[in-house]
Amino acid sequence: MVHIYNCHPFASQQIVQVEQEPGLVCCGGGALFVVATGGCKVEVYSLEKEGCPLICRFATMGTVRRIQHSKIGDYLVTIEEKNSATYLRAYTNWRYQAEEKARVGVRLLGHLLRGASVWGGVQMEIIEIPLSERPLAVACCSITGDLLVGCENTLVLFTLRRQNEQNLQNQSQQNLQSSWPNAQQSCSQSQAGQTSSSNQHLSVLDFERSVILHLPKMTPKQVALCGEYVAVHAELEVLVLKLEATSEPQPVEESSDASKRADYLQDPIDFLLIPRHQELLGDLAKDCDIPVSIEKTGLEERGQYTLSYVLFRRFSPEFFQGCCVEEMQLHSLQLYPLFTSNQSVSSGEPACVFCFFSLPSAGYLYSLKGGVELLSAYQYPEKVLQAVLTDHLLHVITKSAVQCFTVRCAAVAARVEDPYIDTTMKACPPCTLDVCALRMQLFIGLRSVCVYGRHVILLSTADTEAPEEPERPTQRRGLDLKEHNVLTGIFLAVGIDPATSPALESLLSRPFLSRKWTISSPKETSAAGHGWNLYVINSVSPFTLYKEMVEYSERFAQLHPQAHSLRHLLSEAHLLIRASLLQTAVQQQSVDVDPAALADENQTAQMERQEIEEAFRKNCAQLGDCFSRGSPKDCHLALPYYRMSGLSVTEVMSRNRPLPDSPHSYGPGFLFYLKHYLLEETEHTLSQEAADDIIHIFSQSEPSLLVSVCASPCMIKVSPTRTLQILQRLEESAGVSVPLTITMAIMMLHQGDIPQFTELMERHAEMLMVYGFIEEPRLLVLHGGARDQHTLVHPTALAQQLAHSQPGLLVAGMVALHENSKVQLEQADHIFKELGCETSLQVDFWEATLIASSQDAVIQELLFRLASVYIDRLTNSAGDKTPKRKSLKSADDLINSSSHYGALYPWLTVLNPVHFTSSQHQEALHKLQSLLCGPSFSVGSVVPLMERLSDEPLWGFSLHLLCATRKGQYDRSIEQLLDRCPQAIIAYANHQLQDKYMALWWQKLLPELCNRTRVAAENSILLGALKETLVVVAMETSPAEFLELIPDDGTASYFLPHLLTCSQRHLLA
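All values reported here derive from a predicted model rather than from experimental measurement.

Examining the pairing of strand S28 (residues 401–406)
Among the six residues that make up S28, six are buried, leaving the element largely enclosed by the rest of the structure. Going residue by residue along S28, you find Ala 401, Gln 403 and Phe 405 tucked away on one face and Val 402, Cys 404 and Thr 406 tucked away on the opposite face as well. Where strand S27 (residues 393–397) meets S28, five bridges bridge the pair, whose relative direction is antiparallel. Its bridge partner being in S28, Val 396 is matched across the sheet by Gln 403. Linking S27 to S28, which pair antiparallel, is a turn of three residues. Inspection of the sheet shows S28 paired to strand S30 (residues 441–442) by two bridges, in the antiparallel sense. Within the sheet, the bridge partner assigned to Val 402 lies in S30 and is Gln 441.

Section: the nonpolar core
Of all hydrophobic cores here, the largest spans 180 residues; its most connected members are Leu 458, Leu 810 and Met 814. Looking at this core, the element that brings in the most residues is helix H24 (residues 856–875), giving ten residues. The contact partners of Leu 458, leaving out residues within four places of it in the chain, are Ile 397, Val 402, Phe 443, Leu 446, Ser 448, Val 449, Asn 533, Leu 534, Tyr 535 and Ile 537. Formed by 49 residues, the second largest nonpolar core is a distinct cluster that contains Ala 137, Ala 224, Met 328 and Val 353.

What about the sheet that holds strand S6 (residues 54–59)?
What holds strands together in a sheet is hydrogen bonding between their backbones, with the strands either parallel or antiparallel. The strand order S3-S4-S5-S6 describes an open sheet built from four strands, whose pairing is antiparallel. The open sheet has two free edges, formed respectively by strand S3 (22–28) and S6, since each of these has just one partner strand. If you compare each strand with its neighbour and ignore which way they point, the axes differ by 20° on average. Of the pairings in the sheet, the one linking strand S4 (residues 31–36) to strand S5 (residues 41–46) comprises five bridges and is antiparallel in character. Considered in S5, the bridge of Val 35 is made with Val 42.

A look at the environment of Val 106
Locating Val 106 in the fold gives a position in strand S10 (residues 104–108). Taking the C-alpha atoms as reference points, Val 106 and Tyr 91, separated by 15 residues in sequence, lie 9.4 Å from one another.

Analysis parameters
- Residues numbered from 1 in each chain as written.
- Predicted model: local features only at pLDDT ≥ 70, side-chain atom pairs only at ≥ 80, totals over all residues.
- Heavy atoms only, no water.
- Buried < 20%, exposed > 50% of the residue type's maximum accessible area, 1.4 Å probe, protein only.
- Helix = DSSP H or I, 4+ residues; strand = E, 2+ residues; numbered from the N terminus.
- Pairing = 2+ DSSP bridges.
- Core = buried A, V, L, I, M, F, W, Y, C linked by side-chain atoms within 4.5 Å.
- Contact = heavy atoms within 4.5 Å.
- Axes fitted to C-alpha atoms, helices over the stretch in contact; angles between N-to-C directions.

So this is what it looks like as structure tokens:
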């Protein structure tokens, strides 16, 4: 669909004073090149000065058939004819050919002149470029200045080379040494030395043939070149290729269907093969039936080229139009690069590359980089002769008018430049947005168009001898008799007689069945009786066109405020303002002025950019207004456009007041914006008036979201009395819910009504309240805008109150939020620190999280933290880290509810004191012992912390003994225990010396007891331990093994009863 808007794309026009009728025109480098009809002279006019004055004129060596200007290198390339021969020539330094008074040098490609062009005299050079085939089309790359030539079934790429003065002198001297006498050589060297100092910066352009592409099935009508992209089209086919230079040698792919290729070129005599319509994009383009092969030039060994297909499109003739070939031929092929604002024009690699080509009835614009995509298809109202693409407009001409269509280049560039486009942060109209046509400008007899910057050059001729011929000829040629007979025979062979069907007979008489089409050659303009004009139309800047579209949209909005066309018009204006931002950025990068004027230039550019950016924000606000009240399908776009506008939420609310006919109706886009704004974790606080308005808006539109709205950190100043009334009405209509009850309790807390707050908080069970916190975490935790993750969260007023009145609920809620990934462990720590509970509730939170968590990393972290806390409490019994209240869970509670806390070993009861200095000290000791008895705690991580604990008291000794036992140091532990507390040795051995450590009873414990009782024979504790040990040894060893254990110090009689027991057990076994 094409929208039509009555906007003026042109500002002014002027007529170029040309003496002779122009035949060909082109532009570039601030100049307009005019070739007289049938002549051999080029006139150059300035486009950047008022009145387009003549710059220079120079003669060509033949009749110019095609002419092209290159921005890089500032050279002209022409296809000329002379004496029935066709030549390709390049004209360099043409600006020095003022009024035909300067000298002209003619040379062959690759042969630099040894005359004045080298030794100081600047002159225009004509470079003859030899080709083995007749050139049909030429194109220059706007990025590199390379030259692409289209010949019969081949494309030849020439690389632009620059030779500086020093290289020229060296090459000239080498040539002189090889061919000139010594006298002439010395003379030339002296002349070169005299002029080298004044022409050190002189560079001479030359070309080098780099690659040849063979297209045996395609005859180029027009070619285009842009960086690595090569485009070519025939009458009904377009092919885009990508040539990439590589240093690795590539195998040459030889086509294996040579016979098929020959068959294709030699059509059958009796049949016409009509190609079907085909569009192949990206990798699929290689499946087209157009083979392309690369021929090595053999002139350089710097690298090879790899070829890949990018785009192929073939059009089928539309037979119902009468098959006039002139109406179906492609034209206006163009590859257009676009640089974004964050890259330099001199970088060489454009961010976007577009391909445009056109039929007389329709035009097609593709994006090539980052995936081939059809952006727009332009349906023309009448036959178009030529079209030219720019970064924000497409200019097309018919016989009687010039018209402009909008393009989507800025939309593609915006997405390449900014990765946040098409998110909730930023938006841009889609690349496939419907195009629009602007106001048409009438002319008479337009023939060609070209564009330079904001200058549109039009060539018009009016035929005064004969009336204008209709576009379709009234008389068409019929079928050849032989062809008619062949086709009639085909129908008779399948049982159909064409004579019996008038419709079939009429079909056979149509001209599309002819095997060959005739293309009428363009008529030569008669020398007498013709009028002609050469216009230079100045188009308005994108920013000026944007302003007119905004004015147009304001008038349109008064009549149709919710129309789709208004949204489309503002989207068009948005793309124009983006194009303006791109142009200003490129102009600032490419500015080349003297230092004195640089400051003024930068200041002016800065002021212009500020004005454009302000207009951009205003346009984003208008688009946000459109989408805020638009359909639910696109309502989400209101959020990014309002964000880009820079408007505050209060300003957005003032722009979205309900309409008078529906006082309680708000647009879906506006509600979507408000929901996302309130769900954002921001530190911005709304005023009470704005917060109350938001509560009113959601109470009328979406009451189910009131809990989330009240929990937003922006709503901290909301009126609690008014909000409580709205929430109570919601409870009456929707029923009781836990989050709603908590929200009402928060409002009571803001009012200072603690009894009512307590009553509401006790309405539901603790577990249900925890589920309410999971559903809406912001009831407990508020996220701020700080960058440090430890300060990203803050406790709410409810959390502060619960820390004093219901600490168990607070801890349970925080554990639930952590386990449901609502808060991180460090964020929860920060919450408790802000609450001043880092010595009590924070440790309770760690213990509860250790019970609930299943993540190994979190478990190990919490185990280490808890062990550190317990050690601190033991070493600072009266310090600041001692909790001021009792912990929520005792050691027994943790042992019963968590597998990470192990039951205390029986021998610890012997070592633990009966009386403790404080209950906190006893609790910390039992919890730390329980951790060391558990299966999860890694003892090695806590050993450095254990050094702070003294082993003088038995409870300290018990902790060190636990660590040594967990590390497997049983020998040392037995010795230490016998030294410090021998009454615990049997309990220790019964618990620890089992299974694979059973042998320690008689290998370590028995010898130690024997030695110690021998020294202290009256020690009843040691004697009792020895007896218990001998009982175990007698049960676990054989008589022979037991006999070996009896000492030989004369005390064997003491061991005989146990030996007897061992023997009796062995006999029974």
